[in-house]
Amino acid sequence: MDRQLFAPGHTACAGCGQSMAARLVIEAAGPNTIVVNNTGCLEVFSTKYPESAWGVPWIHSLFENAAAVASGIEGALKYLGKKDSINVIAQAGDGGTADIGLQALSGMLERGHDILYVCYDNEAYMNTGIQRSGLTPFDSNTTTSPVGSVSSGNIRNKKPMPEIANAHGIPYVATATAGYPQDLQRKVKKAISIKGPKYIQVHVPCPLGWRHEPVLTVEVAKLAVETGLYPLIEYENGVLIGRRQIKPKPVEEYLKVQGRFKHLLNNPEELKKIQEIADININKYNLRVESQDNK
Amino acid sequence: MKEFLEGSRAVAEIVKLCQPAVISAYPITPQTHIVEELAQFVANGELKSQFINVESEHSAASVVLGASATGVRVYTATSSQGLIYMSEVLFNIAGMRLPLVLTCANRALSAPINIWNDQQDSVSLRDSGWLQFYVEDVQETADFHLIAYRLAEDKSIMLPVMVNMDGFILTHGIETVDIPAQEQVNAFLPAYKPLYKLDPEDPVSMGLLADPDYYMETRYAIQETMKTALALIPKVAAEFSKVFGRSYNGLIEEYRTKDAERVIVAMGSVCGTIKEVVDELRVKGRKVGLLKITCLRPLPAQQICEALKNIPKIAVIDRALSLGSFAPLVSEIKAVFFGKNKKPQVISSFIAGLGGRDITKDSIREVFRLLTAKERTCEFIDLKPELLQENYG
Amino acid sequence: MFGPLIGKPATTRKNKTGSWRIESRPKFLQKNCIACKICLLVCPEGCITGNEKNTFTCDYNYCKGCGNCAAICPKQDIEMIKEDAKE
C-alpha cells in the first residue's frame with residue numbers, strides 16, 4: 001500500500017467502530033490534512049511511542065484542547081499563507097467533546113476558524129474504562145452510572161451536541177455513523193469543501209463498552225439509526241437540509257443486542273421511555289419514510 | 001531609541017519587533033495592557049500576526065502550542081490564576097519541546113483573590129521544565145524578551161521561556177527604556193527554524209504515548225538541556241551586549257557583594273529598592289550587598305556558590321511560600337551550599353511583599369537589621385499582628 | 001536530543017496484529033463479488049484491498065478476525081472460517 005493515511009498494526013480492539021470511522025474520515029479528507037487529537041482510545045491505540053498509525057501530520061496535546069490547538073495551527077497556516085491548501089481536523093471522543101472539551105470547542109466555533117471538528121461518539125469514557133459522559137444515552141449501564149437495585153443506569157439524555165454546535169451559527173453540522181461508511185465519507189468531503197467551522201458527530205459502536213460481539217459493530221450502528229435513536233441529519237447554515245429517512249424499528253431491536261441495555265428487556269416502563277426518545281427524534285426530524293419512494 | 005514607556009507597552013514594542021506569527025491571550029489583571037497594545041498594533045497593520053482572542057487561558061496556551069508545532073514563532077502572556085489554569089498546558093509544552101515565550105505579570109494567587117504583586121504564581125511552576133527569568137526594571141523586561149526568544153528557539157534548547165515581571169510595579173510603571181531598532185533585533189534574533197513541524201510535505205506525529213520504557217528518558221533529556229542552557233545563557237547575554245550595548249550576566253547580578261558581610265538574595269523589582277538601601281548603608285560604612293537571581297530555571301547553582309561562599313550572612317527574601325515547609329528560594333539557596341566547605345554561616349529566610357504589600361526601603365533596612373548570627377526561618381516582614389487576633393465562630 | 005517523541009508515518013505496520021486472531025478469519029470467495037467496496041470501507045484495520053469484481057482480499061498480517069466484512073457483504077461472498085482451517 002502506498003502512502004497510507006491511517007495504517008494497520010494499531011492496537012484498537014477487533015471490530016472497533018472508532019477505528020473504522022477514523023480511517024474513513026482521514027481518507028476522505030486526504031493527505032493534505034493536519035489532524036489534532038484529544039486524549040482517548042483513538043489517540044492511545046494509534047500512537048504508542050515509537051509507532052504511529054498516522055500518515056498525515058498529527059498532534060496530540062491534552063484531553064480537552066484539540067479545538068484550541070487546532071485553532072493555533074489554523075492561525076499559523078493562515079500566517080504562512082497555506083490555509084487554503086491544507087485541511088485542519090480536530091477530533092475527540094464524546095467526553096473530550098461534550099464534557100471537558102466543550103469550552104475549547106465553543107471558542108473555536110465562535111471564532112469561525114476553518115476547521116472540521118469530528119466527535120467520535122461511543123457514548124462513554126471508553127479509554128478509561130466505560131464511565132458515563134454527557135453523551136451517554138438514557139438508561140445506559142456504565143461503571144459510573146451502573147445498574148443496581150435502585151438504578152436502571154444513566155438518568156440523563158444525551159447532551160444535544162449537534163444542536164449546540166448549530167446554535168453557534170456555523171456553516172455545516174452533521175451526524176454520521178460507522179454503520180454507513182459512504183455517507184460518513186460524503187459528509188467529510190462536503191465539510192472540507194466549506195470554509196469555516198464544521199461539526200460532524202459520528203456514532204461509533206464500542207464492542208467492549210456496549211457489550212456486543214465485534215462482528216456486530218456495523219449492524220448495531222445501523223440499528224441505532226433505524227430505530228430513530230441516532231438520527232442522521234445535516235444542517236447547512238442553521239437549516240436542516242438532509243436526514244436519512246427510516247422505516248422505524250422498535251427500540252428493542254437495537255437494545256437487545258447490547259449488554260449495556262440488557263437490564264431493560266424485562267422492564268417495559270423503561271423501554272417505553274426509550275421508545276419515547278426515539279419517537280421524539282422521528283417527529284422532530286421527520287425521519288419516517290413517506291409512502292412514496294424516497295432516497 | 002529611548003522612550004518613556006509603561007512596562008506593558010515596552011513588552012508589546014519588543015514583541016512587535018520579534019514578529020510572532022500567532023499571538024493568543026486571555027485578559028487578566030495586570031497583564032491586560034500588554035495584549036491590548038499588541039492588539040492595537042495588529043489593528044493598525046503594524047504587526048502582521050494572527051491575533052486570536054480565546055475563551056480561556058488554557059486555550060490561549062493551547063493555541064500557541066498548536067501554532068508553535070506548526071513551526072512559527074508565537075507569543076502569549078498571563079498572570080496568577082491564568083498561569084495556574086494553563087499550567088497543565090505549560091507542562092505539556094515543555095514536555096513536547098516546543099519553543100514559546102510567555103510573559104507572566106506576577107500576581108498573587110487566590111484565595112483570597114488579590115490582584116497585586118507577588119511571585120507565587122510563577123514560582124509555583126518552577127518544576128515545569130520552563131526556563132524562568134525574573135526582571136528588575138522595564139529595560140530588563142524588554143531585553144530579556146529578546147534573550148528569551150533567542151534561547152527558546154536555539155536548537156540545543158527547544159524549551160519554552162517565561163519572563164516574569166512584577167505585576168503593576170513593572171507592568172504599569174513608567175520608565176525610560178531603550179527600544180532597539182528592527183535591524184538590531186534581526187541581527188540578534190534569527191528567524192525561527194523548527195526541528196519538527198506539522199507539515200503534510202513531511203508528516204510526523206507529535207505527543208505520543210510514552211510507556212514506562214520511554215518516559216523517564218524524556219525527562220532526563222530536559223534536565224540535561226537545562227545544563228546546556230546554563231552554559232548558553234551567559235554566551236547569549238554576551239552576544240546581546242555586542243548588539244545592544246547593555247551588559248547582562250543573564251543568570252545573576254552581584255551588586256557590591258565582593259567584600260560584603262551581609263547580602264540579601266532576591267528576585268524581581270524589589271532588587272531596585274534593595275540596591276538603593278545597599279548604597280545608603282555603604283555610605284554609612286556598612287558592608288552590605290545584593291545578589292539578584294535573574295534566572296531561576298535553570299538554577300545557576302555554581303554561580304550562586306561562587307558569589308556567596310565567602311559571605312558570612314545571607315538573607316533570602318522570598319515573595320512566595322511553600323506552605324508547610326521552607327520558602328522556595330531559600331530552600332534552593334541552602335541546597336546549593338549543602339556539603340560545601342566554603343559557605344555562609346547564616347542563611348536566614350524572610351517573607352515579604354505578599355499580595356502586593358509594598359516592600360519599602362524601611363522593610364529592607366529591617367531585613368538587614370534582622371540578619372544576625374541567629375538564623376531566622378520564614379520571618380514575615382511588615383506583618384500586621386493585630387489582624388491575626390480576629391476570631392471566627 | 002531525545003525528547004519530543006516524534007512518530008514516523010505508518011510505523012504501526014511493524015505490529016502484525018494478525019496474531020490476535022484466535023477463532024476465525026475471513027475467506028474471500030471471489031465468486032459473486034460486485035466490487036461494492038463496503039468490506040474495504042468498514043474494515044477497522046483498513047487491511048482489505050481490491051478494485052475489480054472478485055479481486056478483494058485482506059492482509060492476514062493485520063486482520064484481527066472481527067468479521068464485520070463477512071457480516072455486511074451484500075452477496076455473502078466473504079465467509080468466516082476457523083482460524084486453524086487448512087485453506
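Definitions and cut-offs
Residues numbered from 1 in each chain as written. Chains lettered and ligands numbered in written order. Predicted model: local features only at pLDDT ≥ 70, side-chain atom pairs only at ≥ 80, totals over all residues. Helix = DSSP H or I, 4+ residues; strand = E, 2+ residues; numbered from the N terminus. Rg over C-alpha atoms; globule rule 2.2 N^0.38 Å. Buried ≥ 20, exposed ≤ 12 C-beta atoms within 10 Å, placed from the backbone. Contact = placed C-beta atoms within 7 Å. Domains from an automatic or database assignment. Pairing = 2+ DSSP bridges.

1. Notes on the overall build of chain C
Stage number 1. For chain C, the helix and strand inventory stands at two helices and five strands.
Stage number 2. What you see in chain C, going N to C, is helices and strands ordered as β-β-α-β-β-α-β.
Stage number 3. At 15 Å, chain C has a C-alpha radius of gyration far larger than the 12 Å of a compact globule built from 87 residues.
Stage number 4. Each principal axis of the C-alpha distribution contributes one length, and for chain C these read about 55 × 30 × 15 Å.
Stage number 5. Buried positions account for 43% of the 87 residues belonging to chain C.
Stage number 6. Considering only residue pairs separated by 6 or more positions, chain C has 66% of its internal contacts joining residues 24 or more positions apart.

2. Brief notes about the domain arrangement of chain B
Residue and element names in this part refer to chain B.
Stage number 1. The assigned domain composition of chain B is domain 1 (2-244) and domain 2 (252-389).
Stage number 2. Each of domain 1 and domain 2 has a C-alpha centre, and these two points are 27 Å apart.
Stage number 3. If you look at the interface, domain 1 gives 26 residues, while domain 2 gives 21 residues.
Stage number 4. Breaking the side of domain 1 that touches domain 2 down by element, the ones donating at least two residues are α6 (120-123), β6 (131-134), β7 (161-166) and α9 (215-244).

3. Some remarks on the pairing of strand β5 (residues 101-106) of chain B
Within a regular strand, side chains alternate between the sheet's two faces.
All names here are of chain B.
Stage number 1. Taking burial as the measure, the six residues of β5 include six buried ones, the bulk of the element.
Stage number 2. Of the two faces of β5, the one holding Val101, Thr103 and Ala105 and the one holding Leu102, Cys104 and Asn106 are both buried throughout.
Stage number 3. Sheet topology note: the strand β4 (residues 74-78)/β5 ladder contains four bridges and is parallel. If you follow Thr76 over to β5, its bridge partner there is Leu102.
Stage number 4. Pairing analysis gives six bridges linking β5 to β7, with the strands arranged parallel. The residue of β7 that forms the bridge with Thr103 is Val163.

4. A closer look at the interface of chain B and chain C
Stage number 1. The partner chain C presents nine residues to the 15 residues of chain B that form the contact.
Stage number 2. Those elements that provide at least two residues to the side of chain B that touches chain C are β9 (205-206) and α9 of chain B.
Stage number 3. In terms of residue count, α9 of chain B provides more of the side of chain B that touches chain C than any other element does, five residues in total.
Stage number 4. As paired strands, β9 of chain B and strand β1 (residues 6-7) of chain C are joined by two bridges and run antiparallel to one another. Bridge pairing in β1 of chain C places Met206 of chain B opposite Ile6 of chain C.

5. Structural notes on the sheet that holds strand β11 (residues 262-266) of chain B
Residues and elements named next belong to chain B.
Stage number 1. Reading across the sheet, the six strands line up as β10-β12-β11-β14-β15-β16 and stay open at both edges, with mixed pairing between neighbours. Each edge of the open sheet is held by one strand with a lone partner, namely β10 (252-255) and β16 (379-380).
Stage number 2. In the sheet, β10 pairs with strand β12 (residues 288-293) via four bridges, with the strands oriented antiparallel. Following the sheet pairing, Ile252 is matched in β12 by Ile293.

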